[in-house]
Amino acid sequence: MPGSNCTQANEFSLAGFTENLATQVTLFLLFLLTYLVTILGNLGMITLIRASALLHSPMYYFLGNLAFVNLCTATIITPRMLAGVLLGTRGITYAGCMAQTFTFGLFLATECFLLAAMAYDRYVAICHPLLYPLVMSPECCSRLVTGSYLLGLTNGVGQTIGMSSLFFCSSSTIDLFFCDISMLISLSTSDTTLSLVILRTSSSLLGVPSMLVVLVSYVAIISSILSISSAEGKRKAFSTCASHLTAVSTFYGALIFMYLIPRSDTSRGGDKWAAVLYTVVTPMLNPFIYSLRNQEVHGEIQSDEALLETQNNLGWRRRRSCSAGLNQARVKCCVHK
């Protein structure tokens, strides 16, 4: 229990990356560019998937939801980080910190389960292609996505309950650029038993199962690919899951470094950059990882460009035809006169 002369902190201070002005300006421009690319990339992916009938399949249904989650994650973290880097406004209220803890926990767990669902989708597509339409039916996909959001909501509520049980009275400086429950637990001056139980339970029941689904799915996928006799068949099979494997490796690699590798307080400087990787960089890279490695997305982009060019050419021809007709009418009018 905190001491009787201790007052609960009403505001936290988020630590920055550096005090050097030139480095701050450089980081601001870099993070701003990253955020703009994240918004355009994920919104473009969502729009393309919704607009194209060719992309109305389970994989792109999951990918559209992943793009939405990435967009939300970046919006929760990056704008406040930009304000802190440029303006030095690193303070965040207790209520604001709790709201950020809730929303970040919600979308972080949701992304874990969406990646697991996408891994299972690739497993069925490669290892059991004849059963794919039956197993990955629209009803099954809807349940998987809905379940991902509900489990994310459970995680967010749990993290919020864990934070509400903490008391802060000595230091209110969080050594990170956003409110993270693990940092808040280490900062608390009260009994952290409940918060640690919630954190470990959510990690065990939510984080570990999703990682196991991804791991088991890709072990089966790789085994199935290696059993293919032709090199062309292996290449085609691997190309269908290479983009997802790249995204999963980046995301889970940063999470493992951040939360599972034990280290001393003096060696936690890398935590900020690991957090940047899965909160800022990964949401930006995912649309490009999936689109650059996928021929269907390429085809849709090229078809849209071809359609736009055709429409422009038709419009130019119509304008030219109308202009020619107008000139002929003028000539006839002059002749009659």
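Located above this text is the structure these notes cover.
Residues numbered from 1 in each chain as written. Predicted model: local features only at pLDDT ≥ 70, side-chain atom pairs only at ≥ 80, totals over all residues. Heavy atoms only, no water.

## Details of the overall build of the protein chain
1) Next: A count of helical and extended segments in the protein chain gives 10 helices and three strands.
2) Next: For the protein chain, the succession of helices and strands along the chain, N to C, is β-α-α-β-α-α-α-β-α-α-α-α-α.
3) Next: The buried share among the 337 residues of the protein chain stands at 43%.
4) Next: The long-range fraction of contacts in the protein chain, counting pairs at least 24 apart against all pairs at least 6 apart in sequence, stands at 78%. (Helix = DSSP H or I, 4+ residues; strand = E, 2+ residues; numbered from the N terminus. Buried < 20%, exposed > 50% of the residue type's maximum accessible area, 1.4 Å probe, protein only. Contact = heavy atoms within 4.5 Å.)

## Observations regarding the nonpolar core
1) Next: With 77 residues, the main nonpolar core has F12, I174 and Y278 as its most contacted residues.
2) Next: Among the elements that line this core, the one with the most residues is helix α3 (residues 94-127), at 15 residues. (Core = buried A, V, L, I, M, F, W, Y, C linked by side-chain atoms within 4.5 Å.)

## Regarding the state of the cysteines
1) Next: Applying the stated criterion across every chain yields a total of one disulfide.
2) Next: Note that C97 is cross-linked by a disulfide to C179, the S-S spacing being 2.1 Å. Classification of the bridge connecting C97 and C179 rests on its S-S torsion, roughly -130°, and on that basis the disulfide is left-handed. Placement of the pair is C97 in helix α3 and C179 in the loop between β3 (173-174) and α6 (181-187), with a sequence separation of 82 residues.
3) Next: A relative accessible area of 0% means that C97 is categorised as buried.
4) Next: Judged by relative accessible area, C179 falls into the buried class, the value being 1%.
5) Next: The closest cysteine sulfur to the non-disulfide-bonded C141 is located on C140, 5.6 Å from its own sulfur. (Disulfide = S-S within 2.5 Å.)

## Some words on the environment of Y132
1) Next: Position of Y132 among the secondary structure elements: in helix α4 (residues 132-135).
2) Next: Judged by relative accessible area, Y132 falls into the buried class, the value being 16%.
3) Next: Along the chain, Y132 and P58 lie 74 residues apart, while their C-alpha atoms are 9.9 Å from each other.
4) Next: Y132 has contacts with P58, M59, D121, R122, V124 and A125, leaving out every residue within four places of it along the chain.

## Section: the sheet that holds β3
1) Next: On the basis of which strands lie adjacent, the open sheet formed by three strands has the order β2-β1-β3 and mixed pairing. This sheet does not close on itself; its edge strands, each paired only once, are β2 (91-93) and β3.
2) Next: The pairing of strand β1 (residues 11-14) with β2 spans three bridges and is antiparallel. Directly across from E11, in β2, lies its bridge partner T93. (Pairing = 2+ DSSP bridges.)

## Things to note about the pattern of salt bridges
1) Next: All chains considered together, the criterion is met by one salt bridge.
2) Next: With a closest N to O distance of 2.8 Å, D121 and R122 form a salt bridge. Accessibility classification places D121 together with R122 in one group, the buried group. (Salt bridge = Lys/Arg side-chain N within 4 Å of Asp/Glu carboxyl O.)

## Topic: α3
1) Next: Over its 34 residues, α3 runs 49 Å from end to end, which matches the ideal 50 Å to within 8%, given 1.5 Å per residue.
2) Next: In terms of burial, α3 is a largely internal element, 24 of the 34 residues being buried. (Expected span 1.5 Å × (residues − 1).)

## As for the pairing of β1
Each regular strand shows side chains that alternate between the opposite faces of the sheet.
1) Next: Burial along β1 is one-sided: the residues F12 and L14 are buried and none of E11 and S13 is.
2) Next: Relative to β3, β1 runs parallel, the two being bridged by two bridges. Across the sheet, the residue bridging to S13 is T173, located in β3.

## Let's talk about the side chain of E111
1) Next: With respect to the helices and strands, E111 occurs in helix α3.
2) Next: Of the buried charged residues, E111 lacks a salt bridge, with R122 as the closest side chain of opposite charge at 16 Å. (Lys, Arg positive; Asp, Glu negative; His and termini not counted.)

## Details of the packing of aromatic side chains
Each aromatic ring pair is characterised by the separation of its centres together with the angle its planes make.
1) Next: Within this structure, the stated rule accounts for nine aromatic pairs.
2) Next: Consider the rings of F12 and F168, whose centres lie 5.0 Å apart with planes at 90°: the pair is edge-to-face. On the criterion of sequence distance, the pair formed by F12 in strand β1 and F168 in the loop between α5 (138-164) and β3 is long-range, its members being 156 residues apart.
3) Next: Note on F251 and Y252: the rings are 5.4 Å apart at their centroids and 75° apart in plane angle, and the pair reads as edge-to-face. Y252 shares its class with F251; the two are buried.
4) Next: Through a chain of ring-to-ring contacts, the aromatic side chains of F104, F177, F178 and Y278 assemble into a single cluster. (Phe/Tyr/Trp six-rings, centres within 6.5 Å; stacked < 30°, edge-to-face > 60°.)

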